[in-house]
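The primary structure of each chain is shown beneath.
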Amino acid sequence: MKYAKKINTTKEDLGALLPILIALCLIPFVILTKDYQTEFSEFVWFNMTEISQIDSFEHAKSICVVVMGAVAAIVIIISVIIDYMNARKKKELWEDFDVKVLVLCAVYFLMVIISSVCSSYPNLAFTGGGYGQWQTMQVLLAYVCLFLYAYKFVNSENRVSVLVKCFMVTVGILALIGVMQTTGHNPLSWDWVQNIITSKSSVSGISFKEGISNVIITFSNPNYVGPFVALVLPVVAAFVTTSAPKKDGKALAARIACIAVIVGLLISLFGSSSSAGAISVVAGAVAAALLILVNVLTTETGAGGQEETSVKTSGNGWKRGAIACATIVLVLAAGFGVSRTAFFKNTVNKLFQGSEDTRNIASIIHSEQGLEVTLRNEEKFVLVPIYTAGQSVSFQAHDDQNKEIPVEWSDEQSRYLLKDQRFQMVSLGTANFSVEDQIYQGFRFYDTPNQIEWIFMYKDNEWQYYTPFGKFTKLHEVESFGFKDYQNIANRRGFIWSRTIPLMKTYWFKGIGPNAFIIAFPNDDFVGSKRVGGNTTLVDKPHNAFLQIYIQTGGISAIAYAGLWILYMIEGVRLLWRRKRLTNTERIGFGLLIGIFSFAVAGLTNDTVVGSQYMYWTLLGFGFAVNRVIKKSREAARIEAEREAEREAEREARRKEKSKSGRAGRKKNAR
């Protein structure tokens, strides 16, 4: 009879959790190629015409996320209406929810709508595309709906267990795909899989770029494997530690399988060469170790914050010390072992390669005087190119003190040189350029040691810069902040962040709109772009989750987004602080806490994409729900303990009364 009741409850829980089960367990496998056109020809930093592109990993997922978000929203609305009609007191509707969480969600939700509706680029905001970005208004709102669904409907320990078990199956399959890709047997390359993936596209198949790891699992780029692993690995590890009846063979088999999944995730992480993922996993491991040490070395606190009485013996102290020492040794040994690997060394090189700036030209600006040139060491000079019809271009120059700098021809280098020790790294070469069947007089400006050049032509009676996209423009001052000598750090991220941070004062309220970061970023900083990469490269994302949200949907939405994370971290640490004996639900909560922390660490150097971001939002809602379940469980245990104490007091009182009556009876009989 008990068995039948358990099965019925599980089926009911599966039905209640269906929208987020589909989102977490099925959407990761959705891969379908879409053909689309990118049209930014109105901007000086883009081609003259639109370009054809394909997307196989994000667009299809975005559609599925919107569908499941809409389903989640409908179910939530219906549920709230029913609860409202059945509630005896209206305040009962919200007694299980943290008002701060709902307010932050509402603020983010509202600002996404405002940003999208007010955006000057509605096509990007509502249909996506652009430069491979598919986080439209609908997708961003769907994130919130999935978050709220998990937060509302994961309301029991059994539902926590059901959701985690189903998710473990999905993570296991994804880890297997990653292992196969690492070993050179990518299932996405199989002919029948390729036929399915490209069934709605004009292309016959998709391939992977040379020089980039093939380990993408089901994401669009190896860089997104790292944040995914950082997010789910602690949850899998937590599931392994959950307790089960000793005779439960299925539970033992599940734990063994999850250990294999952990190994598979680590193999996938190494195969992807994701530096952000490696750093975030290590950060999560350190955070987990610290929390475990605190729990081991201190007296446990109860739900009300009071120290629980425990037997403090020398034996217990010795055990705690041994566990603490073993944990420290294990972490140090693991850290030393990882530091000796080629993967770790490659990660460090990727982070700090180029941190020492060797590019000489900091900026070139068109002004009334000529071309104002600033070097990396802050030395400045003005170059005045002179064009006379029928003659070659000539040059004059003077420094910031208006002192003339001789410009002379060098037969040895076949270029003009500035005869000043301060500017010996600069050289100039004149040439005629043919552009669209017209001949223009011009010159090349060289950062000679670094072999970087900028082309200028005389057009419409003025000097203009000729972009790599075949367009003419005048170079202007580009505001930057920080990273002065570290533009190349972490694969050009110093340059990107230094140009993004000043944008924050412009987009603090409503942002520029979803998917439109590429337009907000000063991609017409042709000097800065070449300075860090040697070539002009478009920047379509800031490689920082907070900055991406801030610029696209506004600073208020970014603060709400960060506020949810901060609120969750504070709540989670408080619940798990100084807890020696964790229940299964508390262990899952521990894993979610570390996973969401690690994902945020990865977000410091990685942007958000549909494939991982919807998963983060759903698991964040799940984490808040697990914390609520833990609180309820502890409150129930506290109430039961108080009742048991009252019952024990009553029994003790009856025993005393009975004993007293017995003594009185014996005295009476004696008389």
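Residues numbered from 1 in each chain as written. Predicted model: local features only at pLDDT ≥ 70, side-chain atom pairs only at ≥ 80, totals over all residues. Heavy atoms only, no water.

Colleague: Account for the overall build of the protein chain, naming residues and giving values.
Modeller: When helices and strands are tallied, the protein chain shows 20 helices and 13 strands. Sorting the 671 residues of the protein chain into buried and exposed places 48% on the buried side. Considering only contacts within the protein chain whose residues lie at least 6 apart along the sequence, 67% involve residues at least 24 apart. Summing over all exposed atoms, the protein chain offers an accessible surface of approximately 33500 Å²; the carbon and sulfur share of this is 58%. (Helix = DSSP H or I, 4+ residues; strand = E, 2+ residues; numbered from the N terminus. Buried < 20%, exposed > 50% of the residue type's maximum accessible area, 1.4 Å probe, protein only. Contact = heavy atoms within 4.5 Å. Areas by Shrake-Rupley, 256 points an atom, 1.4 Å probe, with all protein chains shown as cover.)

Colleague: Any chance you could break down the packing of helix α7 (residues 157-182) against helix α10 (residues 249-272) for me, citing the residues and the numbers?
Modeller: At their nearest, the axes of α7 and α10 sit 8 Å apart, and the two run at 45 degrees to each other. Judged by the angle between their axes, α7 and α10 are oblique. The handedness of the crossing between α7 and α10 comes out as left-handed. Between α7 and α10, the residues in contact are Met168, Val171, Gly172, Ala175, Gly178, Val179 and Thr182 and Cys258, Val261, Gly264, Leu265, Ile267, Ser268 and Gly271, respectively. Each residue belonging to the contact of α7 with α10 can be placed in one class, and the counts come to eight nonpolar, six polar and no charged. (Axes fitted to C-alpha atoms, helices over the stretch in contact; angles between N-to-C directions. Parallel < 35°, antiparallel > 145°, perpendicular 65-115°, else oblique. Left-handed = near helix turned anticlockwise from the far one by under 90°. Nonpolar A, V, L, I, M, F, W, Y, C, P; charged D, E, K, R; others polar.)

Colleague: Explain a nonpolar patch on the surface to me, and be specific about the residues and the numbers.
Modeller: The grouping of Ile77, Ile81, Tyr84 and Met85 at the surface amounts to a nonpolar patch, some 450 Å² of accessible area in total. Inspection of the secondary structure puts Ile77 in helix α3 (residues 59-86). (Patch = residues over 30% accessible without salt bridge, like charges linked within 9 Å, V, L, I, M, F, W, Y side chains within 5 Å. Salt bridge = Lys/Arg side-chain N within 4 Å of Asp/Glu carboxyl O.)

Colleague: Summarise unusual backbone geometry; cite the residues concerned and give the values.
Modeller: Of note in this structure, Ser273 is not a glycine but carries a positive phi near 60 degrees. Examined against the element boundaries, Ser273 turns out to sit in the loop between α10 and α11 (275-297). Overall, Ser273 belongs to the partly exposed group, its relative accessible area being 26%. A positive phi angle, near 75 degrees, is found at Glu378, a position not held by glycine. Its location among the elements puts Glu378 in the loop between β4 (371-375) and β5 (380-386).

Colleague: I'd like to hear about the environment of Lys152, residue by residue, with values.
Modeller: Here Lys152 lies in helix α6 (residues 137-153). For Lys152, a relative accessible area of 15% corresponds to the buried category. Separated by 473 residues in the primary sequence, Lys152 and Ala625 place their C-alpha atoms 7.0 Å from one another. In this structure Lys152 touches Ser79, Asp83, Phe97 and Arg628, once residues within four positions along its chain are discounted.

Colleague: An account of the sheet that holds strand β7 (residues 407-410) is needed here, citing residue identities and associated values.
Modeller: What the seven strands build is an open sheet, ordered β7-β8-β9-β10-β11-β12-β13; its pairing is antiparallel. One side of each edge strand has no neighbouring strand; the edge strands of this open sheet are β7 and β13 (472-473). Of the strand pairs in this sheet, strand β10 (residues 438-447) and strand β11 (residues 452-459) are connected by six bridges, and their pairing is antiparallel. From the neighbouring strand, Tyr446 faces β11, where its bridge partner is Glu453. (Pairing = 2+ DSSP bridges.)

Colleague: Give a detailed account of the pattern of salt bridges, specifying residues and quantitative values.
Modeller: Counted under the stated rule, the structure contains 21 salt bridges. Between Lys100 and Asp98 there is a salt bridge; the shortest N-O distance is 3.3 Å. Across the pair Lys541 and Asp540 runs a salt bridge whose closest N-O atoms are separated by 3.1 Å. It is possible to trace a salt-bridge network through shared partners that takes in Glu640, Glu644, Arg647, Glu648, Arg651 and Arg655.

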